[in-house]
Amino acid sequence: MNKWINHQTVGVFSILLVLAGLLFSEAAMSIGMIGLAVNAVFNKNIGQNFRAFVQNRVLLGFTAIFFIVLVSGLWSENLDWLSNRLQMKLPFLLLPFSMVALPRFDKGVFFPILAGYFWVVSAVCVYSVGLYVLDFETTTEAYKQGHVLFTPVMHIRFSLIVAICVAIGWYLYQEKYYMRFPEERVMMLVVTILLIAYLHVLAVRTGLVSLYGALGWFILHYIIKTKRYTLGIGLGVLLVLGLALAIRFVPTLWYKVNYMRWSLEQIERGERLADLSDSYRLATIEAGIRLGNQHPILGTGWGDIKDETAAYLQNKYPELLQVIYMPQSEYVLFYAASGLIGLLIFIWATLQPLFYDKAWQNLFNGAFHVIMISSFIVEQTLETQLGVAIYVIFAVMCARFITKGNNEKM
């Protein structure tokens, strides 16, 4: 019994450390991941856990993402950058197996973790808005130059975290979950709506794309579940109308949209390219597509993708060489670095958690993966420690929770 409690306690505590690290500390994030790995390896049931792991296609799919990068070393020359990318993808190797070491991961474990994280992120958003209100004019003016509100971590990744918390809030409300008092459900619903409003004020495109992907998923899920097609279509129309109204009447979003239009006009004329973030984004995506087309089967290799992107920019857009990026789309990046083979494995690995064994029927699991897939289209989400941690920790928790029939074995 004591050993069961120890593995459960160490595992849950490590998860909480990772989640706290997403907002406040990279060190806590790393310590939490190490804790999960140690909890899995130093476990008398490691053999049983490993058998449960290899029988779980979803967890194996996550691990495959690490091996896509590893195998590309066979045709990579820049081994230093390959090592860098392998280190970045290490959570895909460690965390999927680590989750099976938790003896129990049912509603009694998963829901409190989600709810606790929801309230912590909500408190951070309140602080962010408070700073905005205290310096309203200066911050609003800064949005005309493409700046954003205070966020505890990179604003793009934080917008993803908030979008995930919107999904958490709606999911737990639908599940009728509360910690102590039934009235918490109403409070959670109200705060969820406020988080949606916050994302519009924050006005980060990745976060908004992911948010509307999740909201669209909620509507689609409702239509499939209830067969009320007319009402579902009506909700979809209201969703589009709501976005249009937000663009017009939320100052920060209005200025951000105007700034984006201006940026695209500058790019179209070929002016001020070095000053615009969108020029880097579009140029690196163009580079990635061209590199993938030149190496369509196996790609350039993950070790060489940064050098190959730099060479393309040097030839086509030399004014953009102040900063060297890899292709700013996870799908384009996998195509360029590992070819069609790597891209198809990546697509399989990231879609399987949504469709395998009808996992899309779980409202949060579906919304989370729609959020992340949306971000993969427009960002290289998995090329930073924070982006990898956001994706892997929630993805493996969802996979572990949904496999209810394996709880005793896992």
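Residue positions are counted from 1 within each chain, in the order its sequence is given. Residue-level local features of this predicted model are given only where pLDDT is at least 70; pairs of side-chain atoms are given and counted only at 80 or more, and the full residue set underlies all totals for whole chains, interfaces and linings. Only hydrogens and water are set aside when side-chain values are computed; all heavy atoms of the structure are taken into account.

(A) Highlighting the overall build of the protein. When its secondary structure is counted, the protein shows 18 helices and zero strands. Burial classes follow relative accessibility: with a 1.4 Å probe on protein chains only, a residue under 20% of its type's maximum area counts as buried, one over 50% as exposed, and anything between as partly exposed. For the protein, the proportion of its 410 residues judged to be buried stands at 53%. We call two residues in contact when some of their heavy atoms are within 4.5 Å. Contacts in the protein between residues far apart in sequence, at least 24 positions, make up 76% of those at least 6 positions apart. The Shrake-Rupley method, run with a 1.4 Å probe, gives the accessible areas here. Residue values count only the displayed protein chains as cover. Surface summary for the protein: the accessible area is close to 18,700 Å², and the carbon and sulfur share equals 66%. The helix and strand labels rest on DSSP assignments: H or I over at least four residues marks a helix, E over at least two residues marks a strand, and numbering proceeds from the N terminus.

(B) Representation of the nonpolar core in the model. Judged by nonpolar contacts, the single largest core of 116 residues is most densely connected at L22, F364 and F394. If you tally residues by element for this core, the top one is helix α18 (residues 385-402), at 14 residues. Not counting the four nearest positions on each side in its chain, F394 is found in contact with L19, L22, L114, Y117, I164, I168, F364 and F368. In this text, buried Ala, Val, Leu, Ile, Met, Phe, Trp, Tyr and Cys residues form a nonpolar core when linked through side-chain atoms within 4.5 Å.

(C) The packing of aromatic side chains, seen in detail. Aromatic pairs are defined between Phe, Tyr and Trp rings, using the six-membered ring for Trp, whenever the two ring centres lie within 6.5 Å; interplanar angles under 30 degrees are classed as stacked, those over 60 as edge-to-face, and all others as tilted. Per the stated rule, a full pass over the model turns up 30 aromatic pairs. With 6.1 Å between their ring centres and 45° between their planes, F92 and Y391 make a pair best called tilted. You can see F92 sitting in helix α6 (residues 90-98) and its partner Y391 sitting in helix α18, a full 299 residues away along the chain. Judged by relative accessible area, which is 0%, F92 ranks as buried. Ring plane angle 50° and centroid distance 5.7 Å describe the contact between F346 and F376, whose orientation is recorded as tilted. With F346 in helix α16 (residues 330-355) and F376 in helix α17 (residues 363-378), the pair connects residues that are 30 residues apart, well separated along the chain.

(D) Seen up close, helix α5 (residues 79-88). Along α5, the residues classified as buried are W81, L82, R85, L86 and M88. Along the long axis of α5, the arc covered by the buried residues comes to 160°, so they all point the same way. Exposed side chains of α5 directed beyond 90 degrees from the buried face belong to L79, D80 and Q87. Tucked into the core, α5 has its buried residues touching α4 (57-71), α6, α15 (305-316) and α18. By construction, the arc corresponds to the directions joining the helix axis to the C-beta atoms.

(E) Region of interest: unusual backbone geometry. Unusually for a residue other than glycine, K176 sits at a positive phi of about 60°. Locating K176 in the fold gives a position in the loop between α9 (155-174) and α10 (184-202). Despite not being glycine, K227 has its phi angle at roughly 65°, a positive value. Tracing the sequence through the fold places K227 in the loop between α11 (205-226) and α12 (229-249). When its relative accessible area of 52% is taken as the criterion, K227 is described as exposed.

(F) Fine view of the packing of helix α7 (residues 107-134) against α18. For helices, the fitted line uses only the C-alpha atoms of the stretch in contact; every axis is such a line through C-alpha atoms, and the angle between N-to-C directions lies from 0 to 180 degrees. The N-to-C vectors of α7 and α18 enclose an angle of 150°; their axes lie 10 Å apart at closest approach. For the element pair α7 / α18, the angle class is roughly antiparallel. The handedness of the crossing between α7 and α18 is left-handed. Residues K107, F110, F111, I113, L114 and Y117 of α7 touch α18, and the partners they reach there are F394, M397, C398 and F401. An angle below 35 degrees is treated as roughly parallel, one above 145 as roughly antiparallel, one from 65 to 115 as roughly perpendicular, and anything else as oblique. For any pair of crossing helices, the crossing counts as left-handed if the nearer helix is rotated counterclockwise from the farther one by less than a right angle, and right-handed if it is rotated clockwise.

(G) Summary view of the environment of T151. Positionally, T151 belongs in the loop between α8 (136-143) and α9. With 128 residues separating them in the primary sequence, T151 and L23 have C-alpha atoms 9.0 Å apart. Every residue in contact with T151, bar those within four places of it in the chain, is listed here: F158, Y198 and L202. Polar contacts, as used here, are pairs of N or O atoms within 3.5 Å; protein pairs need one atom able to donate a hydrogen and one able to accept it. Residues neighboring in sequence count only if both atoms are side-chain atoms. At 2.6 Å, the side chain of T151 and the backbone oxygen of V153 are in polar contact.

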